[in-house]
Amino acid sequence: MAENKASEKREGLESGNRYDAIVIGTGMGGSACGALLAKHGFKVLILEKNPRIGGSCSYYEKDGFKIDMGTHMFIRGNKGPFGTCTRRLGMGTPLEFIRTRNIAWLRGFNVDARVPSNVFLMPIFIGRVLVQSGFPLRLIPNVMRMFYDILKMPPEKIEEWDGRTIEEFMAQYTEEPFVHALIGFLLGLYFILPPWQASAGESIWNFQRFVYDSSLGYPKGGAVAIPATFLKGAEMHGAKVMTNAGVTKIMVEDGKVAGVVVKDKDKFYAPVVVSTTSLRDTVFKLAGSQYFPKSYVNRVEKIKSSFIAVQAKIGLKKKVTDVGCVCGSYPRKRSQKDISLEEMKKIFKNLEEGKLLSYTPIYCPIPSNFDPDLAPPGRQLLTACAVAPTTDIELQDDPKAWIDDMLTALYDLVPGAKENAIFVDTFSVEAMANWIGKTSGAAVTTGQTPDQVGVNRPGHRTPVSGLYICGDGAGSRGVGTELACQSGMDCADLIFNDWRNYLI
Ligand SMILES: Cc1cc2nc3c(=O)[nH]c(=O)nc-3n(C[C@H](O)[C@H](O)[C@H](O)COP(=O)(O)OP(=O)(O)OC[C@H]3O[C@@H](n4cnc5c(N)ncnc54)[C@H](O)[C@@H]3O)c2cc1C
């Protein structure tokens, strides 16, 4: 019944370059939003500036390998927003998420242990980490109480913690720097932010889902299988998808959105435009800040993003490990006595000042261990990254040094990688920023800091009537891709309701 209303409205519109809604971008946010809008009965045009769809989850092909542009693992599989989206599109659950026997291999802080996928083997893993890291035994009751509180925390309490940091949350249980380093980084890893910048409420919400859903994995067909499936659903519901169609302007007339200009020449009209580039680029580059109230512009100017990473894609002539992902830091041999909170803060201060880090954290998913079809028979694909500043921070060292540090760390953490490499493709932060079209290149453009999550997260509506934001820049909760997908769905539902209520 509700769907008829949007369809009725669209009958009044001319065909050709007029649409009910235009969506900018085909990453997780844009593809989920565009598909659900089409399902709601809107006549939808989805525009992508790149020759291939997928944004951060896009891919390229080389020597028989299918290689992710980004560096991804997916927390909740079909139990999270991806499954919700395909089910809502009437597609069932076509995405297949795969798990390896050992989902990760942790190497660093003197730890060298494989993380089993089977939860019943978890106590053995935890015991090994405690022994290898020299974890102070006297702290175990406090840490156990902390994890118990995290896992049992009700939603209203989580909301209370939204506005405070992980560091503040941990301080209730212990001030021990080693615990802050180990657990803070584990929780902060979700958002590519340190524990004194990441929201505690957001971390707790995500950690609960990580544990209860127990679905960390990777999709058959590579990361791009997810947005590609959503876009298939979009087309099934009548949406049109155009690639090589970069939006150069969002047209605003009389305080309302009127449509977009593609490549400075082609105009497409719609009373609704959804942007999935960063909020800042939407306001300053595409629409123009003159159309927004000063207070809104001031807020957008102050938005803090997460950090980002330099990346490497390495094709190997043989399999060197069977784990799903390698996570660690180089140099590996650092005892708990070497770790102080001051040192951790210094490392992040260096990052904020564009200086090289004194140790290199590495995150290296191995897609071909989940789906062997992503590499030629017998070969292996590594996709690695190491944290780096966003492009708005001037690098104090040679940009190549960031790549060299990542490769040195990676070759130490993944034995055999260097000797067996067929190719090593490296990507600077600028390269990724150019691909996704987000000026700072951040992994999450509106970072999950205490003042930017929950009720304080920028909303999907903007002060320009008909202009909406989704993806990792506005709305919802979750880790990276799942945050963007949920945001896309929430935005589509909001637009549908605004339309039903004659607000647009
Ligand atoms: C190195 C790295 C590692 C990460 N690791 C993980 C992880 O392990 N797990 C996880 O869940 N998340 C991870 N993330 C975060 C995650 O990739 C992003 O948060 C998420 O994919 C963002 O989705 P999005 O739809 O908001 O934006 P994007 O995927 O960036 O899509 C935006 C799209 O808009 C298009 N576009 C931009 N401007 C225009 C324009 N003017 N005209 C037309 N099209 C335009 C872009 O080309 C792009 O396709 C990682 C990110 C990076 C970079």
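Calculation criteria
Residues numbered from 1 in each chain as written. Predicted model: local features only at pLDDT ≥ 70, side-chain atom pairs only at ≥ 80, totals over all residues. Helix = DSSP H or I, 4+ residues; strand = E, 2+ residues; numbered from the N terminus. Rg over C-alpha atoms; globule rule 2.2 N^0.38 Å. Buried ≥ 20, exposed ≤ 12 C-beta atoms within 10 Å, placed from the backbone. Contact = placed C-beta atoms within 7 Å. Axes fitted to C-alpha atoms, helices over the stretch in contact; angles between N-to-C directions. Parallel < 35°, antiparallel > 145°, perpendicular 65-115°, else oblique. Nonpolar A, V, L, I, M, F, W, Y, C, P; charged D, E, K, R; others polar. Near = placed C-beta within 6 Å. Domains from an automatic or database assignment. Pairing = 2+ DSSP bridges.

J.: Could you give me a rundown of the overall build of the protein, with the residues and numbers involved?
T.: For the protein, the count of helices and strands is 17 helices and 19 strands. The C-alpha radius of gyration computed for the protein amounts to 23 Å, which stays within 12% of the reference 23 Å derived for 504 residues, consistent with globular compactness. For the protein, the spread of C-alpha atoms along the three principal axes comes to 70 × 50 × 45 Å. Among the 504 residues that make up the protein, the fraction classed as buried is 50%. For the protein, contacts bridging at least 24 residues in sequence account for 73% of all contacts bridging at least 6.

J.: Lay out the environment of Val444 in plain terms, naming residues and giving numbers.
T.: Within the secondary structure, Val444 sits in the loop between helix H16 (429-436) and strand S19 (467-469). Classification of Val444 by C-beta neighbours within 10 Å gives buried; the count is 24. Discounting chain neighbours no more than four positions away, the residues touching Val444 are Phe191, Ile192, Ser305, Ser306, Asp472 and Gly480.

J.: I'd like a description of the packing of helix H6 (residues 155-162) against helix H9 (residues 200-213), backed by residues and values.
T.: Direction vectors running N to C along H6 and H9 enclose 140°, while the axes themselves pass 6 Å from each other. If you check the angle between H6 and H9, you find them oblique. Residues Ile158, Glu159, Trp161 and Asp162 of H6 form the contact with H9, whose own contacting residues are Ala200, Gly201, Glu202, Ile204 and Trp205. Partitioning the contact of H6 with H9 into residue classes produces five nonpolar, one polar and three charged.

J.: Any details on the site of the ligand? Residues and values, ideally.
T.: Close to the ligand lie 40 residues; Gly25, Gly27, Gly55, Gly471 and Gly480 are nearest. At the level of elements, helix H2 (28-39), strand S14 (308-316), H16 and helix H17 (480-500) are the ones that each hand at least two residues to the shell around the ligand. Of the residues forming the shell around the ligand, the biggest block, four residues, is contributed by H17. Class assignment for the residues of the shell around the ligand results in 16 nonpolar, 19 polar and five charged. Of the residues that make up the shell around the ligand, three or more belong to each of domain 1 (2-58 + 75-97 + 221-303 + 444-500) and domain 3 (305-436).

J.: Kindly report on unusual backbone geometry, identifying the contributing residues and their values.
T.: A positive phi is found at Ser214, a non-glycine position, where the angle reads about 40°. If you trace the backbone, Ser214 turns up in the loop between H9 and strand S8 (218-219). The partly exposed category is assigned to Ser214, around which 18 C-beta atoms lie within 10 Å. The residue Tyr502 is not glycine, and still its phi comes out positive at about 55°. Within the element layout of this structure, Tyr502 appears in the segment after H17.

J.: Before we move on, can you summarise the pairing of strand S11 (residues 256-262) with the specific residues and values?
T.: Consecutive side chains along a regular strand alternate between the two faces of the sheet. As paired strands, strand S10 (residues 247-253) and S11 are joined by six bridges and run antiparallel to one another. Looking at S11, one finds that Val247 is bridged to Val262. Two elements, S11 and strand S12 (residues 266-269), share four bridges in a ladder whose sense is antiparallel. Bridge pairing in S12 links Val262 to Asp266. Here S11 hands over to S12 after three residues, with Lys263 in that stretch at a positive phi of 50°.

J.: Requested: an account of the pairing of strand S4 (residues 65-68), with residues and values cited.
T.: Summarising the sheet, strand S3 (residues 59-62) and S4 pair through four bridges and their orientation is antiparallel. The partner of Tyr60 across the bridge, within S4, is Ile67. Between S3 and S4, which pair antiparallel one after the other, the connecting turn spans two residues, and Asp63 there sits at a positive phi close to 50°.

J.: Describe in detail the domain arrangement of the protein, supporting the description with residues and values.
T.: Split into domains, the protein comes out as domain 1 (2-58 + 75-97 + 221-303 + 444-500), domain 2 (98-213) and domain 3 (305-436). Its C-alpha centre places domain 1 at a distance of 30 Å from the equivalent point of domain 3. Across the boundary between the two partners, domain 1 contributes ten residues, which contact seven residues of domain 3. Here the residues of the side of domain 1 that touches domain 3 sort into two nonpolar, eight polar and no charged.

J.: Lay out the sheet that holds strand S1 (residues 21-24) with the relevant residues and their values.
T.: Backbone-to-backbone hydrogen bonds join strands into a sheet, with any given pair of strands oriented parallel or antiparallel. Reading across from one edge, S9-S2-S1-S13-S19 is the order of the five strands in this open sheet, with parallel pairing throughout. Each edge of the open sheet is held by one strand with a lone partner, namely strand S9 (240-242) and S19. Ignoring strand direction, the axes of neighbouring strands in this sheet form an average angle of 20°. Here S1 runs beside strand S2 (residues 44-47); their pairing, made up of four bridges, is parallel. Note that in S2 the partner of Ile24 across the bridge is Leu47.

J.: Quick rundown of the environment of Gly478? Include the residues and the values.
T.: Considering the arrangement of structural elements, one finds Gly478 in the loop between S19 and H17. Along the sequence, Gly478 and Trp205 sit 273 residues apart, while their C-alpha atoms lie 7.9 Å from each other. Not counting the four nearest positions on each side in its chain, Gly478 is found in contact with Pro81, Asn206, Leu483 and Gln486.

J.: Hey, could you go over the sheet that holds strand S16 (residues 360-365) for me, with residue numbers and the actual values?
T.: As summarised here, the arrangement of the seven strands in space is S7-S6-S15-S16-S17-S14-S18, forming an open sheet in which the pairing is mixed. What marks the edges here is a single partner per strand, and that holds for strand S7 (111-116) and strand S18 (421-427). If you compare each strand with its neighbour and ignore which way they point, the axes differ by 15° on average. With respect to the sheet, helix H15 (residues 399-413) is in contact with strand S6 (102-108), S14, strand S15 (325-330), S16, strand S17 (380-388) and S18, its orientation differing from that of S16 by roughly 65°.

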